[in-house]
Amino acid sequence: SQQGEEDPQALSIQEGENATMNCSYKTSINNLQWYRQNSGRGLVHLILIRSNEREKHSGRLRVTLDTSKKSSSLLITASRAADTASYFCATAGRGTGNQFYFGTGTSLTVIP
Amino acid sequence: NAGVTQTPKFQVLKTGQSMTLQCAQDMNHNSMYWYRQDPGMGLRLIYYSASEGTTDKGEVPNGYNVSRLNKREFSLRLESAAPSQTSVYFCASSVGMVYEQYFGPGTRLTVT
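Below, the structure is looked at part by part. As the structure is a prediction and not an experimental result, all values here were calculated from the model. (Residues numbered from 1 in each chain as written. Chains lettered and ligands numbered in written order. Predicted model: local features only at pLDDT ≥ 70, side-chain atom pairs only at ≥ 80, totals over all residues. Heavy atoms only, no water.)

Right, let's get into the sheet that holds strand β3 (residues 19-25) of chain B. Residue and element names in this part refer to chain B. Taken in spatial order, the four strands of this open sheet run β1-β3-β8-β7, and their pairing is antiparallel. The open sheet is flanked by β1 (4-7) and β7 (64-68), the only strands paired with a single partner. For this sheet, the mean inter-axis angle between neighbouring strands, taken without regard to orientation, is 15°. Across four bridges, β1 lies against β3 in antiparallel orientation. Among the inter-strand pairings, Gln 6 is bridged to a residue of β3, identified as Cys 23. (Pairing = 2+ DSSP bridges. Helix = DSSP H or I, 4+ residues; strand = E, 2+ residues; numbered from the N terminus. Axes fitted to C-alpha atoms, helices over the stretch in contact; angles between N-to-C directions.)

Our next topic: unusual backbone geometry. The residue after Asp 7 of chain A, namely Pro 8 of chain A, is reached through a cis peptide bond having omega 0°. Relative to the assigned elements, Pro 8 of chain A resides in the loop between β1 (5-7) and β2 (10-14). The peptide bond linking Thr 7 of chain B to Pro 8 of chain B adopts the cis configuration, its omega dihedral lying at -5°. On the secondary structure map, Pro 8 of chain B appears in the loop between β1 and β2 (10-13). The phi dihedral of Ala 78 of chain A is positive, around 45°, even though this residue is not glycine. As for its position among the elements, Ala 78 of chain A is in the loop between β8 (71-76) and β9 (85-92). Note on Ala 78 of chain A: relative accessible area 38%, which makes it partly exposed. Even without being glycine, Val 98 of chain B reaches a positive phi, approximately 75°. Among the secondary structure elements, Val 98 of chain B is positioned in the loop between β9 (87-94) and β10 (102-103). (Buried < 20%, exposed > 50% of the residue type's maximum accessible area, 1.4 Å probe, protein only.)

What follows is the structure, encoded as structure tokens:
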């Protein structure tokens, strides 16, 4: 079974609003990563947060990690139409044999 | 730098045929991966190579074989294709296990 699960499966917002998506996982991890996939393309790495970190920022992205709840959230602030894509969390290391496990993704639509 | 390249981009096979998907990276990465992506399933790891000279099974290895030809190249072989292997296949690479991964553009495979 897959390690991570994103919630919600689909999200539709207006341009300028914030988008929040969540990821839950099952076992202990080395780090958690978020990726973005535009339709028909490969995945692009967005941000990595280590297991000893609680929050990380990168531009309009903010990621939090709660290892006690085995969950993470990705916040995209001031969304743009170009943010329309699928977003995946992936967990790596410790307890997963160093393998990566990807979740099923959140499909984000930003309406201009 | 081309990053991660995959060939072919599209392929249609008949049940029982064989083929090899090629992947190459020019980032001097140690680790390489093969994933498949099916609708609603996210990405699932087929095989990975933590470093040159090693390969290991991932979550869904049945029906596939891999070869880490050298540090740059990692190929995936389907010996006897089945309709259940219809999917989009992604190759990825990283500096090492648990680090961020860089993805190729994908190969869309249909088995009839």
